[in-house]
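Below are the chains, spelled out letter by letter.
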Amino acid sequence: MPEGDTIHYAANRMRPLLEGRVPEEIVAPQARHRLDRWPQRLGGRAVRSVDAHGKHLFLRFEGDLTLHSHLRMTGVWGVYERGRRWGRSRRRAWLVLRTPSHEVVEFDGPVLELLTESRTRFDRRLASLGPDVLAEEFDAPRFLRRLREDDPTRGFGDALLDQRTIAGIGNLWKAETCWEAGVDPWRPTGSVSDEEALAVVAAARPRMLESATTGHQARERSVYDRAGMPCPRCGTPVAARGQGDDNRTTFWCPGCQR
């Protein structure tokens, strides 16, 4: 699943092309959206802003209308110069916004919907989101409050993936930043101190902000997808096991993560 840095990177690429401008053309070729009349409803309206919060992306148009996207496991946003070949088949495009120089395309997005601005504020899925790990000013008190409201016996790594606690962290950054902070992702959340929890966030933010700017997550990984290989800090073989209700594979070092 694309993590928050991937979504913020997509928003950063779209913003200079769309913000404050009226798209030259809007196309919604996916069959399920044919009756929604998005091209007619959005035609002639300028994009007021392109925002991201955690794993959610919002294209806010004039007239109190917002396109909301969540890519889940299959979707992707692409930005292409006009005439350049797209990264996926045209049959998989759900939304195309054309400017004189570029095409902004959303492929295979399980969640793509047009909402009124007021509905985005009251939608339970969105209103329940925790603070965005990539916000300009991270709301640490709110994060800690949400964390302490959770089940104290829940594994800390699993709690980090709960978007109601903190928005934007996914499986890769959960593993890497727990390792960087030396925190065992299997520890019960109630036994993780505020200082340890914030140390994980402090490890996540600069790396995710860099990725949101450059689009590259290419920095060498310490534990993620390295099961059985030696930990770069202590040499203990990296372990891997499914965690939480979704059984997402957690990677960690049993030797130096406490």
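Residues numbered from 1 in each chain as written. Predicted model: local features only at pLDDT ≥ 70, side-chain atom pairs only at ≥ 80, totals over all residues. Heavy atoms only, no water.

### Remarks on the sheet that holds strand E3 (residues 56-61)
At step 1: Taking strand neighbours across the sheet as the criterion, the four strands line up as E2-E3-E4-E8 in an open arrangement whose pairing is antiparallel. Pairing within the sheet leaves two strands with one partner each, and these edge strands are strand E2 (47-53) and strand E8 (111-116). Along the sheet, successive strands turn relative to each other by an average axial angle of 15°, direction set aside.
At step 2: Bridge analysis of E2 against E3 gives six bridges, and the strand direction is antiparallel. Looking at E3, one finds that Val 50 is bridged to Leu 59.
At step 3: Most of the contacts of helix H1 (residues 4-18) go to E2, to which it runs at about 170°, and overall it touches E2 and E3. (Pairing = 2+ DSSP bridges. Helix = DSSP H or I, 4+ residues; strand = E, 2+ residues; numbered from the N terminus. Axes fitted to C-alpha atoms, helices over the stretch in contact; angles between N-to-C directions. Contact = heavy atoms within 4.5 Å.)

### Here we look at the sheet that holds strand E6 (residues 93-98)
At step 1: The strand order across the open sheet built from four strands is E1-E6-E7-E5, with neighbouring strands paired in antiparallel fashion. Each having just a single partner strand, strand E1 (25-27) and strand E5 (76-81) make up the two edges of the open sheet. Neighbour-to-neighbour, the strand axes of this sheet turn through a mean angle of 15°, independent of strand direction.
At step 2: When E6 meets strand E7 (residues 102-107), the two strands line up antiparallel, connected through five bridges. Within E7, the position partnered with Val 96 by the bridge is Val 105.

### Thoughts on the layout of surface pockets
At step 1: When its volume is computed, the second largest pocket comes out at roughly 230 Å³.
At step 2: Residue lining of the second largest pocket: 14 residues in total, with Thr 6, Tyr 9, Ala 10, Val 76 and Trp 77 positioned closest to the centre.
At step 3: Elements that contribute at least two residues to the lining of the second largest pocket include exactly H1 and E5.
At step 4: Tallied by class, residues from the lining of the second largest pocket come to seven nonpolar, five polar and two charged. (1 Å grid on protein atoms, 1.4 Å probe; cavity = no way out; pocket = protein on both sides within 12 Å on 5 of 7 lines; lining within 4 Å. Points joined across faces, edges and corners; volume = space filled by probe spheres on them. Nonpolar A, V, L, I, M, F, W, Y, C, P; charged D, E, K, R; others polar.)

### Concerning the packing of helix H7 (residues 171-181) against helix H8 (residues 194-214)
At step 1: In contact at an axis separation of 8 Å, H7 and H8 are set at 120° when each is read in the N-to-C sense. When the axes of H7 and H8 are compared, the pair comes out oblique. Pair H7 / H8 crosses with right-handed handedness. Of H8, the residues touching H7 (which contributes Trp 173, Glu 176, Thr 177, Cys 178, Glu 180 and Ala 181) are Ala 199, Val 200, Ala 203, Ala 204, Arg 207 and Met 208.
At step 2: Class assignment of the residues belonging to the contact of H7 with H8 gives a composition of eight nonpolar, one polar and three charged. (Parallel < 35°, antiparallel > 145°, perpendicular 65-115°, else oblique. Left-handed = near helix turned anticlockwise from the far one by under 90°.)

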